[in-house]
Amino acid sequence: MNIALAQLNYHVGNFESNTAKIIHHIHQAKKQGADLIVFAELCVCGYPSRDFLEFKEFIGLCEDSAKSIAAECHDIACIIGLPTYNHHPAGKELNNSAYFIENGEVKAIVNKALLPNYDIFDEYRYFEPSTTFNCIDYKGHRIALTICEDLWNTFDNPLYVTRPMDVLIKEKPDVMINIAASPFAYNHDEERILILKDNASRYGLPLFYVNHVGAQTELIFDGGSLVFDGKGN
């Protein structure tokens, strides 16, 4: 399976531009022989969307964009990030989600479990954390898809009580994919590499990681998308 990583610059609320970029790169990846193209966390709406997430029109535009993207996604699969409604009666109104799209349809939805609420992050204000974890089957391969912080609990982080990959590994995945919106800090790149390296070697699986790049509000996203083999190289 050939996997393409799309490290792009998304802008909050610029649905027309974000959607056009995603569709363009789906077509480019298909021309280059990719079976799957992976976009970043909340790529559809941009990150951080903050209180825009409280407007139903904003969430509706996210879903409209996802439908436009799905309509262009044939003979290749894609992973995109967007906010979605939490359909459970309890909890916050939204989930921080990833869509797995294949042949024009959303085949799987993955919701983020570990919601950062420190430094510049305020995700627990808006999103309900996921408590269920399932792999995705595609072209004879099983994918463990996680969203950013979901891989950041390998060192017994006191902020979190769950470790999604400990559940997903029981389904015997072939590969890990992590979509992120991880801003630049002077020491963040080294920490990020150590965390991802530990995940790859801990679970003995190749890991594909894709991040935003460029500037958004007061934040800079430094990209740094990476691929590790199952030994952490």
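Just so it is clear, the structure is predicted and the values come from calculations on it, not from any experiment. (Residues numbered from 1 in each chain as written. Predicted model: local features only at pLDDT ≥ 70, side-chain atom pairs only at ≥ 80, totals over all residues. Heavy atoms only, no water.)

**Q** What am I meant to see in unusual backbone geometry here?
**A** Excluding glycine, most residues fall at negative phi; most peptide bonds, likewise, are trans. For the peptide bond that leads from Tyr 47 to Pro 48, omega is 0°, which places it in the cis range. You can see Pro 48 is positioned in the loop between strand S2 (36–38) and helix H2 (56–71). Not every positive phi belongs to a glycine, and Arg 50 is a case in point at roughly 50°. One non-glycine residue, Asp 75, lies in the positive phi region at around 60°. Following the sequence through the fold, Asp 75 ends up in the loop between H2 and strand S3 (77–85). For Asp 75, a relative accessible area of 64% puts it in the exposed group. (Helix = DSSP H or I, 4+ residues; strand = E, 2+ residues; numbered from the N terminus. Buried < 20%, exposed > 50% of the residue type's maximum accessible area, 1.4 Å probe, protein only.)

**Q** Please explain the sheet that holds strand S7 (residues 141–147) as it appears in this structure.
**A** In space, the 5 strands of this open sheet follow the order S6-S7-S8-S9-S12, with mixed pairing throughout. Edge positions in the sheet fall to strand S6 (136–138) and strand S12 (226–228), since each of these pairs with one other strand and no more. Strand-to-strand twist across the sheet, computed as the mean angle between neighbouring axes with direction ignored, equals 25°. Where strand S9 (residues 207–210) lies against S12, 3 bridges are found, and the strand directions are antiparallel. Bridge pairing in S12 places Tyr 209 opposite Leu 226. Contacts from helix H4 (residues 188–203) reach strand S8 (175–179), S9 and S12 within the one sheet, and its direction differs from that of S12 by about 30°. (Pairing = 2+ DSSP bridges. Axes fitted to C-alpha atoms, helices over the stretch in contact; angles between N-to-C directions. Contact = heavy atoms within 4.5 Å.)

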